[in-house]
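So you can see what is in the structure, the chains are spelled out below.
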Amino acid sequence: MGSAIIQVRDLSIRYRGKETTVYAAEDVSFDLDRGKVLALVGESGAGKTTVGLSVLRLLPGDAEIASGQILFEGHDLASMHDKELRTVRGRRIAMIFQDATAGLNPVLSVGSQVAEMLTAHLHIGKREAKRQSLQILYDVGLSDPERVAKAYPFQLSGGMCQRVMIGIATSLNPDVIIADEPTSSLDVTVQAQILHQLERLRDERGTAILLVTHSFGVVAQIADEVAVMYAGRIVEHGDVHAMLKEPLHPYTHALLATLPRLDGANDQLRAIPGTPPSLTEPAEHCPFIPRCPKAMNECRTSPPPPLQSGGRATHPVACYNPVWRV
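Everything numeric in this text was worked out from a predicted model, so none of it was measured. (Residues numbered from 1 in each chain as written. Predicted model: local features only at pLDDT ≥ 70, side-chain atom pairs only at ≥ 80, totals over all residues. Heavy atoms only, no water.)

**Comments concerning the overall build of the protein chain**
Reasoning step 1: Looking only at helices and strands, one finds 12 helices and 12 strands in the protein chain.
Reasoning step 2: Compactness check: the protein chain gives a C-alpha radius of gyration of 21 Å against a globular reference of 20 Å for 326 residues, within 12% of the reference.
Reasoning step 3: The buried share among the 326 residues of the protein chain stands at 49%.
Reasoning step 4: Roughly 16200 Å² of accessible area belongs to the protein chain as shown, and the carbon and sulfur atoms make up 49% of that amount.
Reasoning step 5: Side-chain charges of the protein chain comprise 32 positive and 36 negative groups, with the mean position of each set lying 4 Å from the other. (Helix = DSSP H or I, 4+ residues; strand = E, 2+ residues; numbered from the N terminus. Rg over C-alpha atoms; globule rule 2.2 N^0.38 Å. Buried < 20%, exposed > 50% of the residue type's maximum accessible area, 1.4 Å probe, protein only. Areas by Shrake-Rupley, 256 points an atom, 1.4 Å probe, with all protein chains shown as cover. Lys, Arg positive; Asp, Glu negative; His and termini not counted. Charge placed at Lys NZ, Arg CZ, Asp CG, Glu CD.)

**Looking at empty space enclosed by the protein**
Reasoning step 1: All told, the structure shown has 1 cavity of 30 Å³ or more when counted by the stated rule.
Reasoning step 2: Along the lines of polarity and charge, the residues of the lining of the largest cavity split into 10 nonpolar, 1 polar and 1 charged. (1 Å grid on protein atoms, 1.4 Å probe; cavity = no way out; pocket = protein on both sides within 12 Å on 5 of 7 lines; lining within 4 Å. Points joined across faces, edges and corners; volume = space filled by probe spheres on them. Nonpolar A, V, L, I, M, F, W, Y, C, P; charged D, E, K, R; others polar.)

**Let's talk about the state of the cysteines**
Reasoning step 1: Summed over the entire model, instances satisfying the criterion amount to 0 disulfides.
Reasoning step 2: Here C299 is not disulfide-linked; the sulfur of C286 is the nearest cysteine sulfur, at 6.0 Å.
Reasoning step 3: Looking at C319, it has no disulfide partner, and the nearest cysteine sulfur is the one in C299, 6.0 Å off. (Disulfide = S-S within 2.5 Å.)

**Observations regarding the layout of surface pockets**
Reasoning step 1: As a volume, the largest pocket reaches approximately 430 Å³.
Reasoning step 2: Mapped by element, the contributors of at least two residues to the lining of the largest pocket are β6 (93–96), α4 (110–121) and α7 (158–170).

**A short note on the pattern of salt bridges**
Reasoning step 1: Following the criterion strictly, the structure yields 14 salt bridges and no others.
Reasoning step 2: One salt bridge connects D224 with R202, and the closest N-O pair in it is separated by 3.4 Å. Placement of the pair is D224 in the loop between α9 (216–222) and β9 (225–230) and R202 in helix α8 (residues 188–205), with a sequence separation of 22 residues.
Reasoning step 3: If you follow the salt bridges from partner to partner, you end up with R34, E73, R92 and D175 in one network. (Salt bridge = Lys/Arg side-chain N within 4 Å of Asp/Glu carboxyl O.)

**Quick notes on the environment of P305**
Reasoning step 1: Tracing the sequence through the fold places P305 in the loop between α12 (297–301) and β11 (308–310).
Reasoning step 2: The buried category is assigned to P305, whose relative accessible area is 9%.
Reasoning step 3: Separated by 250 residues in the primary sequence, P305 and V55 place their C-alpha atoms 25 Å from one another.
Reasoning step 4: Here P305 is in contact with A318, C319 and Y320, once residues within four sequence places are set aside. (Contact = heavy atoms within 4.5 Å.)

**Thoughts on the packing of aromatic side chains**
Reasoning step 1: Summed over the entire model, instances satisfying the criterion amount to 4 aromatic pairs.
Reasoning step 2: Each ring, one from Y230 and one from Y251, has its centre 4.6 Å from the other, and the planes form 55°; the classification is tilted. Of this pair, Y230 sits in strand β9 while Y251 sits in helix α11 (residues 250–257), placing them 21 residues apart in sequence. There is no split in this pair, since Y230 and Y251 are both buried.
Reasoning step 3: Here the aromatic rings of Y230 and F288 are separated by 5.1 Å at their centres, their planes lie at 85°, and the arrangement is edge-to-face. (Phe/Tyr/Trp six-rings, centres within 6.5 Å; stacked < 30°, edge-to-face > 60°.)

**Some words on the nonpolar core**
Reasoning step 1: Formed by 58 residues in total, the largest nonpolar core has its most connected members in L137, V164, F216, V219, V226, V228 and Y251.
Reasoning step 2: Counting residues per element, this core draws most heavily on α7, which supplies 6 residues.
Reasoning step 3: Within the second largest apolar cluster, 36 residues are counted, among which are I6, V176, V212 and I234. (Core = buried A, V, L, I, M, F, W, Y, C linked by side-chain atoms within 4.5 Å.)

**What to know about the sheet that holds strand β4 (residues 63–72)**
As a general point, the strands of a sheet are linked pairwise by backbone hydrogen bonds and lie either parallel or antiparallel.
Reasoning step 1: The 4 strands are arranged β2-β1-β4-β5 in an open sheet whose pairing can be described as antiparallel. Looking at strand neighbours, the two that pair on one side only are β2 (21–33) and β5 (75–76), the edges of this open sheet.
Reasoning step 2: Where β4 meets β5, 2 bridges bridge the pair, whose relative direction is antiparallel. Directly across from L71, in β5, lies its bridge partner D76.
Reasoning step 3: Along the sheet, helix α1 (residues 48–55) contacts β1 (4–16), β2 and β4; its crossing angle with β1, the most-contacted strand, is approximately 115°. (Pairing = 2+ DSSP bridges. Axes fitted to C-alpha atoms, helices over the stretch in contact; angles between N-to-C directions.)

**Some points on the side chain of T183**
Reasoning step 1: With respect to the secondary-structure elements, T183 resides in the loop between β7 (176–180) and α8.
Reasoning step 2: On the basis of relative accessibility, which here comes to 6%, the residue T183 falls in the buried class.
Reasoning step 3: In this structure, T183 is in contact with Q191, I194, L195 and V218, ignoring residues within four places of it in sequence.

**Quick notes on the confidence of the model for the protein chain**
Reasoning step 1: On average, residues of the protein chain carry a pLDDT of 90, and 96% of them reach 70 or more.
Reasoning step 2: When pLDDT is averaged over each helix and strand of the protein chain, the minimum, 78, is found for helix α3 (residues 100–103) and the maximum, 97, for β9. (pLDDT = per-residue confidence, 0-100.)

**Some thoughts on the pairing of strand β3 (residues 37–41)**
Reasoning step 1: Counting buried residues in β3 gives 5 out of 5 residues, a clear majority hidden from the surface.
Reasoning step 2: Alternating positions in β3 separate into two faces, V37, A39 and V41 on one and L38 and L40 on the other, with burial throughout.
Reasoning step 3: Where β3 and strand β8 (residues 208–213) come together, 5 bridges link them in parallel fashion. Among the inter-strand pairings, L38 is bridged to a residue of β8, identified as L210.
Reasoning step 4: Bridging between β3 and β9 involves 4 bridges; their strand directions are parallel. In the sheet register, L40 faces β9, and the bridge partner there is A227.

Structure below.
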């Protein structure tokens, strides 16, 4: 394992409404190592994107970090002043948003947007910024960078816009990239190409990547570690191979069971019964109880257990009654 470049410790995030409070993340802790890909996995509403956005303090106005730390090389981003944080955003930690088309400015050409990132952080002129912009677009697999640079986002496909976003995010060779569902709206072929770009960044530049995704297919292809989130909490965390081979939490087990099988063992796609909780109240017991086939009395009477390993557990899991392989 490499050394941790980001350490999230006991992070809790709230969305404050006029009448309700949403407990979007609760006591979330993990390490992101240099040159590794950590995937946050879970259903919509699990808190994955909220945690990803919190690293760079890009949460919406009604959200707040209630407690915890987000340590980047020992400095707490959660309490860092805005002026200091601006030197980290883009330069040291970059973000790839889910909707690439919405993430790009529709009234500026693609080339000017890439150049803007360069001139904002580097002491270079417009001519040099243009030259580097074309090279960046070429490096992310856009075969005609001059045409792309002159185009506007609406003139490009979704896959091309996502490549541009990756180019902007990686233009300053950041130490960390946060990628929020970077392939969710793309077809399978383009998904593979985008994931290959991220793999190159990890392997060639040693970039650490925090990948937010709902797809275990993406996880299996690129991730080194997996943290499964449910109802704002990490319920299982471990090496990707161990997690795929022997999931311990009933939720992780159910997620993997929904995947189609190439051997035809399941002719019909399976679904997890029920729906996730609303998160408008703190959890007094395990939030997965209504959907869990292995719930015990302790699950109903005690708060959710913390992540813990040992005994028969091959990796940390937050469950009173894990799924043991027979």
